[in-house]
Amino acid sequence: MEMTVKVWGESIKIDVYQKSKSVWIAAGTYMGEFLEVKGGSTGSTAKLWAGAAKYRGG
């Protein structure tokens, strides 16, 4: 599924999908860099992705 997250006030579209029963993957590109993170739910994984993007772009 496609989700939109905010990174430093900018709306970024990312893809979030379920890899297994308890693992979700969020993937997208921020500032030309592809980022992929794993988490336990759609919402938490999207937040983890946004945090990783802020760290890389900060």
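What you see is a predicted model; the values in this text were computed from it and never measured.

Caption draft 1: A look at the sheet that holds strand β3 (residues 23–30). Here four strands make up an open sheet; going across it, the order is β1-β2-β3-β4 and the pairing antiparallel. In the strand order of this sheet, the two ends are held by β1 (2–7) and β4 (33–39), each with one partner. Across the sheet, the mean angle separating the axes of adjacent strands is 30° when strand polarity is ignored. Note: β1 against strand β2 (residues 10–20), six bridges, orientation antiparallel. Counterpart to V7 in the pairing with β2 is E10.

Caption draft 2: View of the pairing of β3. With six of its eight residues buried, β3 lies for the most part within the structure. Looking at chain direction, β2 and β3 are connected through five bridges and run antiparallel. Note that in β3 the partner of D15 across the bridge is A27. Hairpin remark: β2 followed by β3, antiparallel, with two residues in the connecting loop. As paired elements, β3 and β4 share seven bridges and run antiparallel to each other. Residue Y30 lies in a different strand from β4, and its bridge partner there is E33.

Parameters and conventions
Residues numbered from 1 in each chain as written. Predicted model: local features only at pLDDT ≥ 70, side-chain atom pairs only at ≥ 80, totals over all residues. Heavy atoms only, no water. Pairing = 2+ DSSP bridges. Helix = DSSP H or I, 4+ residues; strand = E, 2+ residues; numbered from the N terminus. Axes fitted to C-alpha atoms, helices over the stretch in contact; angles between N-to-C directions. Buried < 20%, exposed > 50% of the residue type's maximum accessible area, 1.4 Å probe, protein only.

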